[in-house]
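Structural characterization, general
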Amino acid sequence: MMKTLALYPGSFDPVTKGHEDLIRRCASLFENVVVAVAHNPNKQVSLFEVEERLKFLTKSVEIMGLSNVSVTQFSGLTVKFAKQIGASVIIRGLRVISDFEYECSMYQANRTLEDTIDTLFLMPSLEYQFLSSRMVREIAYFQGDITSFVSPHVQQALLQKVKSTA
Ligand code: PNS
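Quick summary incoming for the structure in this document. These numbers were taken from a predicted model, which means no experiment stands behind them.

Strand order in the open sheet made by the five strands is β3-β2-β1-β4-β5, with parallel pairing throughout. The open sheet has two free edges, formed respectively by β3 (69-75) and β5 (118-122), since each of these has just one partner strand. With strand direction ignored, the average angle separating the axes of adjacent strands in the sheet is 35 degrees. As judged from the two bridges shared by strand β1 (residues 2-10) and strand β4 (residues 89-93), these two strands associate in the parallel manner. Along β4, the bridge assignment pairs L7 with I90. In the packing of helix α3 (residues 78-85) onto the sheet, contacts are made with β1, β2 (30-39), β3 and β4, and the angle to β1 comes to roughly 145 degrees. Its contacts with the sheet place helix α4 (residues 98-113) against β4 and β5, and it is angled at close to 170 degrees to β4.

This is the structure in structure tokens:
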């Protein structure tokens, strides 16, 4: 196990089984992992408030029983936050080819901003290769079955959210 603190940043709107898969794998690779929800003012409106997203992630980590993973939030640059908490590695999930371009430019930008911090990419398990929060939000909105994509506590919250906004 790498004696490193790894930062896994993202929107997590909401956390999916793909994210959970990655968190589980990070937890066995690194001594400590911080999963952090980014306040992202440039992102189109989110479905869940940051507080709610944190709550779902915390519950997921608890259910998975991962004692070396903590959940938090941050605003501003990811590399600055990584430095602030003493993380030397940023973890990003890489799914299908469509992720590549965005991840590539983010990787280069982050390296240019802070060359002491590197990014490692992990691929989710095959069944989650095409899964995204955006897709889950859309399926839930149209009352589709999201059992395969999110954990029960997230599913419940999504169904409630969809009802309340209908
Ligand atoms: O889950 P997402 O939406 O793909 O996560 C993207 C995220 C939050 C990691 C990215 O937007 C980010 O790092 N935002 C913080 C601001 C920042 O550091 N921007 C520079 C990266 S080019």
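After presenting the structure, the write-up continues.
What follows is about the pairing of β5. Put simply, side chains in a regular strand alternate between the two faces of the sheet. Bridge count for β4 against β5 is five bridges, and the pairing is parallel. Of the residues in β5, the one forming a bridge with G93 is L122. Once the chain exits β4 it traverses α4 before rejoining the sheet at β5, and the crossover so formed is right-handed.

The next thing to look at is a nonpolar patch on the surface. A contiguous nonpolar patch, built from M2, L29 and L120 and spanning about 230 Å² of accessible area, is present on the exposed surface. Mapped onto the elements of the fold, M2 is located in strand β1.

Once that is clear, we can look at the packing of aromatic side chains. If you walk through the whole model with that rule in mind, you get five aromatic pairs. Geometrically, the ring pair formed by F74 and F81 is stacked, given 4.8 Å between the ring centres and 10 degrees between the ring planes. Of the two residues examined, F74 and F81, each falls in the buried class. Here the aromatic rings of Y107 and F121 are separated by 6.0 Å at their centres, their planes lie at 45 degrees, and the arrangement is tilted. In this pair, Y107 sits in helix α4 while F121 sits in strand β5, placing the two residues 14 residues apart along the sequence. For F121, a relative accessible area of 32% corresponds to the partly exposed category.

Relative orientation of the contacting elements helix α2 (residues 50-64) and helix α6 (residues 152-165) amounts to 155 degrees, with a least axis distance of 10 Å. By the angle between their directions, the pair α2 and α6 is classed as roughly antiparallel. Where α2 approaches α6, its residues E52, F56, K59, S60 and I63 are matched on the opposing element by H153, V154, A157 and K161. Within the contact of α2 with α6, the residues separate by chemical class into four nonpolar, two polar and three charged.

The linkage connecting D13 with the following residue, P14, adopts the cis geometry, with an omega of 0 degrees. As for its placement among the helices and strands, P14 is situated in the loop between β1 and α1 (17-29). Look at F12: it is not a glycine, yet its phi comes out positive at around 45 degrees. Following the sequence through the fold, F12 ends up in the loop between β1 and α1. Positive phi outside glycine occurs at Q143, with the angle close to 60 degrees. With respect to the helices and strands, the residue Q143 is situated in the loop between α5 (133-141) and α6. Classification of Q143 as exposed rests on a relative accessible area of 62%.

The rules behind the values
- Residues numbered from 1 in each chain as written.
- Predicted model: local features only at pLDDT ≥ 70, side-chain atom pairs only at ≥ 80, totals over all residues.
- Heavy atoms only, no water.
- Pairing = 2+ DSSP bridges.
- Helix = DSSP H or I, 4+ residues; strand = E, 2+ residues; numbered from the N terminus.
- Axes fitted to C-alpha atoms, helices over the stretch in contact; angles between N-to-C directions.
- Contact = heavy atoms within 4.5 Å.
- Right-handed = clockwise from strand over helix to strand, strands pointing away.
- Patch = residues over 30% accessible without salt bridge, like charges linked within 9 Å, V, L, I, M, F, W, Y side chains within 5 Å.
- Areas by Shrake-Rupley, 256 points an atom, 1.4 Å probe, with all protein chains shown as cover.
- Salt bridge = Lys/Arg side-chain N within 4 Å of Asp/Glu carboxyl O.
- Phe/Tyr/Trp six-rings, centres within 6.5 Å; stacked < 30°, edge-to-face > 60°.
- Buried < 20%, exposed > 50% of the residue type's maximum accessible area, 1.4 Å probe, protein only.
- Parallel < 35°, antiparallel > 145°, perpendicular 65-115°, else oblique.
- Nonpolar A, V, L, I, M, F, W, Y, C, P; charged D, E, K, R; others polar.

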